[in-house]
Amino acid sequence: MILTLLVCGLALIALVLVGLFVFGLRRRLIQRSGGTFDCSLRWEAPEKGDTSGKGWGYGVARYNGDRVEWYRVFSYAPRPRRVLERSAIEVVDRRAPDGEEELALLSDAIVLGCLHRGVRLELAMSEDALTGFLAWLEAAPPGQRVNVA
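About the thresholds
- Residues numbered from 1 in each chain as written.
- Predicted model: local features only at pLDDT ≥ 70, side-chain atom pairs only at ≥ 80, totals over all residues.
- Heavy atoms only, no water.
- Buried < 20%, exposed > 50% of the residue type's maximum accessible area, 1.4 Å probe, protein only.
- Helix = DSSP H or I, 4+ residues; strand = E, 2+ residues; numbered from the N terminus.
- Pairing = 2+ DSSP bridges.
- Expected span 1.5 Å × (residues − 1).
- Arc of directions from axis to C-beta.
- Contact = heavy atoms within 4.5 Å.
- Core = buried A, V, L, I, M, F, W, Y, C linked by side-chain atoms within 4.5 Å.

> Explanation requested: the pairing of strand 6 (residues 110-116) in the structure shown.
Within strand 6, six of the seven residues are buried, leaving the element largely enclosed by the surrounding structure. As judged from the six bridges shared by strand 5 (residues 89-95) and strand 6, these two strands associate in the antiparallel manner. In the sheet register, E90 faces strand 6, and the bridge partner there is L115.

Here you go:
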């Protein structure tokens, strides 16, 4: 009986360690090509004034040509959860987190309200990441429409 419990306990510990290793390996593979930053995302965000903190997902965003690929941190999926195309992103507002959002987001985050193909979304990132993101948006090739508020 004790041997069975010991084997089950060791198997459970090994399973947890393998799971943590896979999380770390996945993040390393995402960051390998460079151009990544921590970024929380709220897809189909409510209109201004809703600071409940609901709907935010913590993730890592990666620049890939004219796209930003967003990966959830707590996922084993090898593909990005959302892909945002530079030509379809329209920045509509910028604000500091308010209310319960302050608890749901990283401490230095700034919330950027955007439209992507008619869907309202919000991205929360650090000041440095925001500067890079806005520079990437404005560096669109000639002839592409980019709307930055």
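> I keep staring at helix 3 (residues 127-138) and nothing clicks. Help me out?
Residues three or four positions apart in an α-helix share a direction because the helix packs 3.6 residues into each turn. For helix 3, spanning twelve residues, the distance from its first C-alpha to its last is 17 Å, which sits close to the expected 16 Å at 1.5 Å a residue. Every buried residue of helix 3 is listed here: A129, L130, F133, L134, W136 and L137. Viewed along the axis of helix 3, the buried residues span an arc of 155 degrees, placing them on a single side of the element. Exposed side chains of helix 3 directed beyond 90 degrees from the buried face belong to D128 and E138. Elements that come into contact with the buried residues of helix 3 comprise strand 1 (36-43), strand 2 (57-64), strand 3 (67-72), strand 5, strand 6 and strand 7 (119-125).

> Whenever I open this one, the nonpolar core confuses me. Can you help?
Formed by 21 residues in total, the largest nonpolar core has its most connected members in L123, M125 and F133. Listing elements by their share of this core, those giving two or more residues are strand 1, strand 3, strand 5, strand 6, strand 7 and helix 3. Among the elements that make up this core, the one with the highest residue count is helix 3 (six residues). Listed in part, the five residues of the second largest apolar core include W56, L105, V111 and A124.

> It is not clear to me how the pairing of strand 7 should be interpreted in this structure. Could you clarify?
Look at any regular strand and the pattern is simple: side chains alternate between the two faces of the sheet. The element strand 7 is extensively covered by neighbouring structure, given that six of its seven residues are classed as buried. Where strand 1 meets strand 7, four bridges bridge the pair, whose relative direction is antiparallel. Following the sheet pairing, W43 is matched in strand 7 by L121. Relative to strand 7, strand 6 runs antiparallel, the two being bridged by seven bridges. Residue pairing for strand 7: L115 is matched across the bridge by R120. Connecting strand 6 to the antiparallel partner strand 7 that follows it, the hairpin turn spans two residues, and R117 within it adopts a positive phi of roughly 55 degrees.

Geometric values such as these leave the question of function open.
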